[in-house]
Amino acid sequence: MNIHKRIQNAALQSKIMPAAQAASLIPLGANVGMSGFTGAGYPKAVPQALAARLSALHAAGQTHASINLWTGASTAPELDGVLAKAHGIQMRLPYQSDPTCRQLINAGQMLYTDMHLSHVAPMARAGFLGPLDVAVVEVIGILPDGRLIPSTSVGNNPTWLDQARRIILEVNLHQNPALEGMHDLPHNTLMPPHGQPIALTHPNDRVGTPYLHCDPSKVVAVVITDHPDRNSTFDAPDEVSAQIAAHLIDFLQHEVKAARLPAALLPLQSGVGNTANAVLAGLNQGPFDQLTAYTEVLQDGMLDMLHSGKLAFASSTALSLSPAALAEFNANIDFYRQRIVLRPEEISNHPELIRRLGVIAMNAMIEADIYGNVNSTHIMGSSIMNGIGGSGDFARNARLSIFMSPSVAKDGKISCIVPMVSHHDHTEHDVHIIVTEQGLADLRGLAPTQRARLVVERCAHPSFRPQLLDYMDRAQRSGAGLHTPHLLDEALSWHNRYLKCGQM
């Protein structure tokens, strides 16, 4: 391919250089904002070159050579993975899912700030996170006037390009140039007290332009790449996921019959993973038509729904597709360009917009307690799994806040319904619905003891239900604090028992 067709700005053509040379322009200890959201649209070459440079410095005795890494969300082995293995990340934010990062964080060898995704861009612009020294952003092309054609995710890229002192662009020739026009990027986001309403009342409204903007004088390097995103294959829905989906679809049908939801529901948000895709697969076979989505990640399930016509339109900040789904997307990109828009995550996750649109939020959890508090980030209270991501943005502001999980984990050794969660991410005030393969508990309008009875009877696995009922009964007979009864010396005993014995 003629590179000049992708890089049409003469001044930026003169800044093309190898990845290693570009990586050498990143100062040690710098705050570096990189593109990427759930394995889409992240830089592929510069992070690997930077990891090689940091590894060489460590070998030469500079054991503290590292950077502070900011992204949109999780990335991929070519970014998080190589930098973590090189011990090249001192501080990571706002979300990660890399196994090496996780290991180092939980070993106390990498600092990690787990943040609501909607908070990141405003905090960066306000200076709370410190200066942004370098931005490394993947794009698919550069126009003659310097405007940038975004890639398969937007994430925090507008903020990184605006705030960074230096910019390195990776132009990825592998990404489909027909993505041009699929993005909607507002460029007049103002900080308080000058903030203005965002004129978006439907997922398919547009309030910006399809292009990223940056000051060309800040661009210090342009790197050419030709590599695909990390495209993970999703498992086919198993029996447990299918049962969760069936419970949820029955509930939504009931809400329509009760006139609490319109026939086409309200815009859907779906978290990442196999359970979420199973629910979307169920909706694709379900009774609802002309659905819309206002979400942060568009996965295989939503692409299938767009293809079938069940889903009329989807707003997201990233495309996170399996290889088969990506092939379908690229083969019919003109069709999908009319039905998908990609936005910055401070728009896709904006609390005001989530509330205004009445989003139905569906997210995974690690565990819930009998009163409806949800832990979505930590294993046994202290070990991070991935992070809160956008689930809090949606849960607090959604019309319906739904959390889903199998009722047990580790081959039945762990109950995902416990007396008290070992880490609180979403309080009972932000959780409307809990669903497992056992059933669905609608917690709206119930007092704590009513919620507890419903969660245990509807959602707990039968092998743990008697223990939970016994705990509740004894807590209610304790005579102290009967609004939300707990036996404090036993509330976390299930977790302690697992850590000691390997089973709750």
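In case you missed it, the structure is sitting above this.
So, a few notes on the structure that sits alongside this text. As the structure is a computational prediction, the values presented were derived from the model and not from experiment.

Calculation criteria
Residues numbered from 1 in each chain as written. Predicted model: local features only at pLDDT ≥ 70, side-chain atom pairs only at ≥ 80, totals over all residues. Heavy atoms only, no water. Core = buried A, V, L, I, M, F, W, Y, C linked by side-chain atoms within 4.5 Å. Buried < 20%, exposed > 50% of the residue type's maximum accessible area, 1.4 Å probe, protein only. Helix = DSSP H or I, 4+ residues; strand = E, 2+ residues; numbered from the N terminus. Contact = heavy atoms within 4.5 Å. Phe/Tyr/Trp six-rings, centres within 6.5 Å; stacked < 30°, edge-to-face > 60°. Lys NZ or Arg CZ within 6 Å of the ring centre and 35° of its normal. Salt bridge = Lys/Arg side-chain N within 4 Å of Asp/Glu carboxyl O. 1 Å grid on protein atoms, 1.4 Å probe; cavity = no way out; pocket = protein on both sides within 12 Å on 5 of 7 lines; lining within 4 Å. Points joined across faces, edges and corners; volume = space filled by probe spheres on them. Nonpolar A, V, L, I, M, F, W, Y, C, P; charged D, E, K, R; others polar.

**Re the nonpolar core**
By size, the foremost hydrophobic cluster in this structure holds 71 residues, and its most contacted members are Leu252, Leu283, Phe329, Ile340 and Ile360. Here this core gets six residues from one element, more than from any other, and that element is helix α9 (residues 239-257). In contact with Ile360, other than residues within four places in its own chain, are Leu252, Leu261, Leu265, Leu266, Pro267, Leu268, Gln269, Leu400 and Ile402. Within the second largest apolar cluster, 43 residues are counted, among which are Val32, Ala45, Leu54 and Cys101.

**A closer look at helix α6 (residues 99-106)**
Since one α-helical turn is 3.6 residues long, residues separated by three or four positions face the same way. Taken residue by residue, α6 has Thr100, Cys101, Arg102, Leu104 and Ile105 as its buried positions. Structurally, α6 contributes buried residues whose contacts are with α5 (77-85), β3 (89-93), β4 (111-112) and β17 (383-384). Of the residues flanking the end of α6, it is Gly108, one or two places downstream, whose phi is positive at about 75 degrees.

**Examining the packing of aromatic side chains**
Taken as a whole, this structure holds four aromatic pairs when the rule is applied. Ring geometry for Phe335 versus Tyr336: centroids 5.1 Å apart, planes at 85 degrees, classification edge-to-face. Residue classification places Tyr336 among the buried positions, given a relative accessible area of 0%. Arranged with centres 5.8 Å apart and planes meeting at 35 degrees, the rings of Phe464 and Trp494 form a pair that is tilted. Of this pair, Phe464 sits in the loop between α17 (448-459) and α18 (465-476) while Trp494 sits in helix α19 (residues 493-501), and the two are 30 residues apart along the sequence. Side by side, Phe464 and Trp494 carry an identical accessibility label, which is buried. Taken together through their ring pairs, the aromatic side chains of Phe329, Phe335 and Tyr336 make up a single cluster. Its end group placed over the ring of Tyr211, Arg147 keeps NZ or CZ at 4.6 Å from the ring centre.

**Quick notes on the pattern of salt bridges**
According to the stated counting rule, one finds 18 salt bridges in the structure shown. Across the salt bridge formed by Glu255 and Arg444, the nearest N and O atoms sit 3.1 Å from each other. Remark: Arg444 occurs in the loop between β23 (439-442) and α17 and Glu255 occurs in helix α9; sequence separation between them is 189 residues. Of the residues examined, Glu255 reaches a relative accessible area of 1% and is grouped as buried. A salt bridge links Asp473 to Arg453, with the shortest nitrogen-to-oxygen separation between them at 3.4 Å. Separated by 20 residues along the polypeptide, Asp473 in helix α18 and Arg453 in helix α17 bring together distant segments of the chain.

**Topic: the layout of surface pockets**
Of the voids in this model, the second largest pocket is the one considered here, and its volume is about 500 Å³. Every residue lining the second largest pocket is counted, 21 residues in all, and those nearest its centre are Thr189, Leu190, Gln196, Ile198 and His350. Elements that contribute at least two residues to the lining of the second largest pocket include exactly α7 (117-126), α14 (345-348) and α15 (351-357). For the lining of the second largest pocket, the element with the most residues is α7, which contributes four residues. By residue class, the composition of the lining of the second largest pocket is 11 nonpolar, seven polar and three charged.

Honestly, that's just the spatial picture; any functional story needs more than this.
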